[in-house]
Amino acid sequence: MERRPERGHRCVPHTADVRIEAWAPSREECVAEAVAAMVGTFVDPAGAPPGGEREFRAPAGDDEDLLVAVLDEVIFRMETEGELPLHTEVADDGAGGLTVRWRTAGTDDVELVGAVPKAVSLHELRFGHDGRGWSCAVTLDV
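Everything quoted here is computed from the prediction, not taken from an experiment.

**Student:** Any chance you could break down the pattern of salt bridges for me, citing the residues and the numbers?
**Tutor:** Applying the stated criterion across every chain, the model contains 11 salt bridges. Across the salt bridge formed by Arg7 and Glu29, the nearest N and O atoms sit 3.1 Å from each other. Remark: Glu29 occurs in helix α1 (residues 27-40) and Arg7 occurs in the segment before β1 (8-12); sequence separation between them is 22 residues. For Arg7, a relative accessible area of 34% gives the class partly exposed. Connected through salt bridges with shared partners, the residues Arg27, Glu28, Asp63 and Asp92 form a single ionic network.

**Student:** Account for the environment of Ala119, with residues named and values stated.
**Tutor:** Within the fold, Ala119 resides in strand β8 (residues 119-129). Classification of Ala119 as partly exposed rests on a relative accessible area of 27%. For the pair Ala119 and Val74, spaced 45 residues apart in sequence, the C-alpha to C-alpha distance is 10.0 Å. When neighbours within four sequence positions are excluded, Ala119 is seen to be in contact with Ile75, Thr139, Leu140 and Asp141.

**Student:** Describe the sheet that holds β1, with residues and values.
**Tutor:** Taken together, the 4 strands give an open sheet; going across it, the order is β1-β2-β9-β8, and neighbouring strands pair in antiparallel fashion. Only two strands of the sheet have a single neighbouring strand rather than two, namely β1 and β8. Going across the sheet, the axis of each strand differs from the next one's by a mean of 15°, ignoring polarity. Judged from the 5 bridges that link them, β1 and strand β2 (residues 18-24) form a sheet pairing that is antiparallel. Among the inter-strand pairings, Gly8 is bridged to a residue of β2, identified as Trp23. Of the strands in this sheet, β8 and β9 (134-141) touch helix α2 (residues 63-81), which is tilted by about 135° from β8.

**Student:** Now, about the side chain of Arg19: what can you tell me, with residues and values included?
**Tutor:** Within the element layout of this structure, Arg19 appears in strand β2. Buried within the structure, Arg19 lacks any salt-bridge partner; its nearest side chain of opposite charge belongs to Glu124, at an N-O separation of 4.6 Å.

**Student:** Report on unusual backbone geometry, specifying residues and quantitative values.
**Tutor:** Although it is not a glycine, Glu124 sits at a positive phi angle of roughly 60°. Assignment of secondary structure puts Glu124 in strand β8. The exposure class assigned to Glu124 is partly exposed, which follows from its relative accessible area of 47%.

**Student:** So what's going on with the packing of aromatic side chains? Residues and values would help.
**Tutor:** Pairs of aromatic rings are described using the distance from one ring centre to the other and the angle between the two planes. Counted by the stated rule, this structure contains 2 aromatic pairs. Taking 6.2 Å as the distance between ring centres and 20° as the angle between the ring planes, the aromatic pair formed by Phe56 and Trp102 counts as stacked. Of this pair, Phe56 sits in strand β4 (residues 52-58) while Trp102 is found in strand β6 (residues 98-106), placing the two residues 46 residues apart along the sequence. According to the relative accessible area criterion, Phe56 is buried, its value standing at 14%. Note on Phe127 and Trp134: the rings are 5.5 Å apart at their centroids and 55° apart in plane angle, and the pair reads as tilted. Here the two residues Phe127 and Trp134 agree in accessibility, since each one is buried.

**Student:** Describe the environment of Val39, naming the residues involved and giving the relevant values.
**Tutor:** Secondary-structure assignment places Val39 in helix α1. On the basis of relative accessibility, which here comes to 5%, the residue Val39 falls in the buried class. Between the C-alpha atoms of Val39 and Glu55, which are 16 residues apart in sequence, the distance is 17 Å. Residues contacting Val39, with those up to four places away along its chain left out, are Val74 and Pro85.

Reading the values: rules and limits
Residues numbered from 1 in each chain as written. Predicted model: local features only at pLDDT ≥ 70, side-chain atom pairs only at ≥ 80, totals over all residues. Heavy atoms only, no water. Salt bridge = Lys/Arg side-chain N within 4 Å of Asp/Glu carboxyl O. Helix = DSSP H or I, 4+ residues; strand = E, 2+ residues; numbered from the N terminus. Buried < 20%, exposed > 50% of the residue type's maximum accessible area, 1.4 Å probe, protein only. Contact = heavy atoms within 4.5 Å. Pairing = 2+ DSSP bridges. Axes fitted to C-alpha atoms, helices over the stretch in contact; angles between N-to-C directions. Lys, Arg positive; Asp, Glu negative; His and termini not counted. Phe/Tyr/Trp six-rings, centres within 6.5 Å; stacked < 30°, edge-to-face > 60°.

Here is the structure:
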């Protein structure tokens, strides 16, 4: 069995798009790691001043739908509000959905280091409990 830290994320090779993997002890922590992984593929948030706090509620759905909803919201807010999450906290809302809280920075306050994702692909999407905790793998269309 591959050794890995209790929680984390990484970018993995993919032909044309960007593929991320994330893992953590809980479903909610894994979603937060996936957000960090996605943002880390295209910006360096180091030194960016926090611009505010935002909340998002992902409606009830299966685990993969919840993950996609949260990642899609990051892309939507980047495109429409000009903000990106610096820190993500995710909680079960008790009704089958998720409550997500972000500390954000403006897109002008971060350095672009990669291709900006345009959408979350459903192709080869994976999210679930894997015996060591929760893990996901997501392809981002760039």
